[in-house]
Amino acid sequence: MEKEKSTSGFSIMSIKISGIPLPIYLAFTAVTAVSIAMKWLPSGMIGALLVMMIFGGLFNIIGNNLPIVKTFLGGGAIVCIFASATLVYTGLIPENVVENVDQFMNKTGFLNFYIAALITGSILGMDRSLLLKAAVRFLPVALCAMTVAILSVGAVGALVGYGFVDAVMYVAIPMMGGGMGAGVVPLSGMYAEALHTDSAAVISRMIPASTLGNVMAIVGAGLLAKLGDVKPGLTGNGRLMRNHNSEMNEKKNSSVSLEELGIGMITAMFFFLLGVIINKFVPAVHSYAWMIILVAVSKACGFIPVKFEDSARQWSQFVMKNWTSALLVGIGISMIDLGAVAKAVSPMYLLLVFVVVGSVSVGAAIGGYLVGFYPVESAITAGLCTTNMGGTGDIAVLSAAKRMELLPFAQIATRICGALILIVASLLTQILF
């Protein structure tokens, strides 16, 4: 919440949400809500983005001012996701709005647009020596942490009567597969083929694990951020490497030209295009992963002019500042099924999901510390981001932890590790089924 000091004392007009005075913002919200109820909301981008931005700003302010939520659970990010999901679950947001937001987020590609901006800006704005040092250490840490989590949940599953194989194959693997479309869906096909059954029956067992893992990862990110506040020596406050002065270019332009924003936007979209093109030839690796590789190699080799690097960084900051809360609302509306989460809740199931999330975080924190990472940042990126629901989960987790600058590392954990998990799963189906 933004407040302006006034010599004449407090005024309600001094309270601002997204730079808009509170009374005006509430009027915007009321008109939007009436339009939703009366089915007057425009379809397409305008209607979807308006709903996401209006409710995103409101929920973000609420979450950042709720005592327990803001202190331990990630503040506005948690409220944006779960308040909007609750509105859908209770029917207060009708089906036509849900479909429009889902269309805009996924088929129109707003999610890709957002992620492309943050990946390009974060990597091109990163210190080159840090990029080279961190990249070669990060993947082994994430893979070792995931191995620890898989073995841990298998052992616990055997102890509580769920079964070692079922705990590994139906809880851990779906949580670490890289999300719904890139993980659960292809996994269900593999399992169905190996078991000679219908994939619909298999996917119904996997979705709760993926969803609950996403929820716990988001909450865990907020708790890790709080741990960093209590124990400052464990965190770099957004910096992954210890003993490294800066991960971002030190240039802080006081003014940003419209031309620079345009250059940054085109640069981000072009790298995304290159990732998609290469994915056509090597589909086993996600287009996000190819994009990360291309941007990282370009940065490491010095192929990108400084003006383009600065423009990409400025564009990513613009996108993050104005659309993060909106995107989180879009995630809550289109991708969080509270009904499925509620059906899956049982003490044993929650325990198994918690074991995966907890053990992968601890493993990543310890492994990260050993290779020179800050434990909190390593636990979030190489740990929690392996158990969330893909790109949307990365954004939700990092937003809850207030460490969005770590998105490139989160995407490595999600996309590259997720692809490797699919390969491991294909081998395990032949051995365990």
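Residues numbered from 1 in each chain as written. Predicted model: local features only at pLDDT ≥ 70, side-chain atom pairs only at ≥ 80, totals over all residues. Heavy atoms only, no water.

Each helix and strand counted, the protein chain has 18 helices and three strands in total. Taken over the C-alpha trace, the protein chain has a radius of gyration of 21 Å; the compact-globule value for 433 residues is 22 Å, and the two agree within 12%. Along the longest, intermediate and shortest principal axes, the C-alpha atoms of the protein chain span 70 × 55 × 45 Å. Among the 433 residues that make up the protein chain, the fraction classed as buried is 54%. For the protein chain, restricting intrachain contacts to residue pairs at least 6 apart in sequence, the fraction spanning at least 24 positions comes to 75%. In the form shown here, the protein chain has an accessible surface area of approximately 18500 Å², with 68% of it arising from carbon and sulfur atoms. (Helix = DSSP H or I, 4+ residues; strand = E, 2+ residues; numbered from the N terminus. Rg over C-alpha atoms; globule rule 2.2 N^0.38 Å. Buried < 20%, exposed > 50% of the residue type's maximum accessible area, 1.4 Å probe, protein only. Contact = heavy atoms within 4.5 Å. Areas by Shrake-Rupley, 256 points an atom, 1.4 Å probe, with all protein chains shown as cover.)

Let's shift gears to the nonpolar core. One finds Y114 and I173 to be the most contacted residues of the largest nonpolar core, which totals 127 residues. If we skip the residues at most four places from it in the chain, Y114 touches V319, M320, W323, T324, L327, I395 and M404. With six residues, the next largest nonpolar core counts I15, I17, Y25 and L58 among its residues. (Core = buried A, V, L, I, M, F, W, Y, C linked by side-chain atoms within 4.5 Å.)

Another aspect to go through is the packing of aromatic side chains. For the structure shown, the criterion picks out 11 aromatic pairs. Between F138 and F373 the ring centres are 6.5 Å apart and the planes differ by 40 degrees, which places this aromatic pair in the tilted class. Of the two residues, F138 sits in helix α7 (residues 128-160) while F373 sits in the loop between α15 (347-370) and α16 (375-383), which places them 235 residues apart along the sequence. Here F138 falls in the buried class, since its relative accessible area comes to 1%. Classification of F373 by relative accessible area gives buried; the value is 0%. Centre to centre, the rings of F318 and W323 are 5.8 Å apart; their planes meet at 80 degrees, and the pair counts as edge-to-face. When its relative accessible area of 15% is taken as the criterion, W323 is described as buried. Through successive ring pairs, a cluster of aromatic residues spans F104, F110, F113, W315, F318 and W323. (Phe/Tyr/Trp six-rings, centres within 6.5 Å; stacked < 30°, edge-to-face > 60°.)

Our next topic: unusual backbone geometry. Backbone geometry follows two general trends: most residues other than glycine have a negative phi, and most peptide bonds adopt the trans configuration. One non-glycine residue with positive phi stands out, namely N237, at about 55 degrees. Checked against the element boundaries, N237 lands in the loop between α10 (199-230) and α11 (258-281). Despite not being glycine, K402 shows a phi value in the positive range, around 60 degrees. Since its relative accessible area comes to 54%, K402 is described here as exposed.

Structurally, the position occupied by T29 is in helix α1 (residues 22-37). Take T29: its relative accessible area is 10%, and that puts it in the buried class. The residues touching T29, leaving out its near neighbours within four places in the chain, are I54, F55 and L58.

Okay, the state of the cysteines next. Scanning the model with the defined rule gives zero disulfides in all. C385 takes part in no disulfide bond, and the closest cysteine sulfur, belonging to C417, lies 11 Å away. Here C385 falls in the buried class, since its relative accessible area comes to 1%. There is no disulfide at C417, and the cysteine sulfur nearest it, in C144, is 10 Å away. (Disulfide = S-S within 2.5 Å.)

Right, let's talk about the packing of helix α13 (residues 306-335) against helix α17 (residues 390-401) for a bit. Relative orientation of the contacting elements α13 and α17 amounts to 125 degrees, with a least axis distance of 10 Å. Our classification of the angle between α13 and α17 gives oblique. Read as a crossing pair, α13 and α17 show a hand that is left-handed. Between α13, through T324, L327, L328, I331 and M335, and α17, the contact on the second element is made entirely by T392, I395, A396 and S399. Grouping the amino acids of the contact of α13 with α17 by side-chain chemistry returns six nonpolar, three polar and no charged. (Axes fitted to C-alpha atoms, helices over the stretch in contact; angles between N-to-C directions. Parallel < 35°, antiparallel > 145°, perpendicular 65-115°, else oblique. Left-handed = near helix turned anticlockwise from the far one by under 90°. Nonpolar A, V, L, I, M, F, W, Y, C, P; charged D, E, K, R; others polar.)

Our focus in this paragraph is helix α18 (residues 407-432). A rise of 1.5 Å per residue sets the reference length of α18, with its 26 residues, at 38 Å; its end C-alpha atoms lie 35 Å apart and thus fit the reference within 8%. At G418, α18 shows its maximal bend, which comes to roughly 25 degrees. (Expected span 1.5 Å × (residues − 1). Bend = angle between axes of the 7 residues up to and from the residue.)

Right, let's get into the packing of α15 against α16. Taken N-terminus to C-terminus, the directions of α15 and α16 make an angle of 125 degrees; their axes are 7 Å apart at the nearest point. It follows that α15 is oblique to α16 by the angle criterion. For the crossing formed where α15 meets α16, the hand is right-handed. The residues of α16 that touch α15, namely those facing V360, S361, A364, A365, G368 and Y369, are P375, S378, A379, A382 and G383. Tallied by class, residues from the contact of α15 with α16 come to seven nonpolar, four polar and no charged.

Okay, a nonpolar patch on the surface next. Nonpolar side chains collect at one region of the surface, where L159, V160, M348, L351 and F354 lie side by side and expose about 480 Å² of accessible area between them. Breaking the nonpolar patch down by element, the ones donating at least two residues are α7 and α15. Ranked by residues supplied to the nonpolar patch, first place goes to α15 with three residues. Of note, F354 is situated in helix α15. The exposed category is assigned to F354, whose relative accessible area is 53%. (Patch = residues over 30% accessible without salt bridge, like charges linked within 9 Å, V, L, I, M, F, W, Y side chains within 5 Å. Salt bridge = Lys/Arg side-chain N within 4 Å of Asp/Glu carboxyl O.)

Turning our eyes to something else, we now look at the confidence of the model for the protein chain. For the protein chain, mean pLDDT is 85; residues scoring 70 or higher make up 91% of the total. Confidence drops under a pLDDT of 50 for residues 247-252, and excluding neighbours within four residues, the segment shows 23 contacts in the predicted structure. (pLDDT = per-residue confidence, 0-100.)

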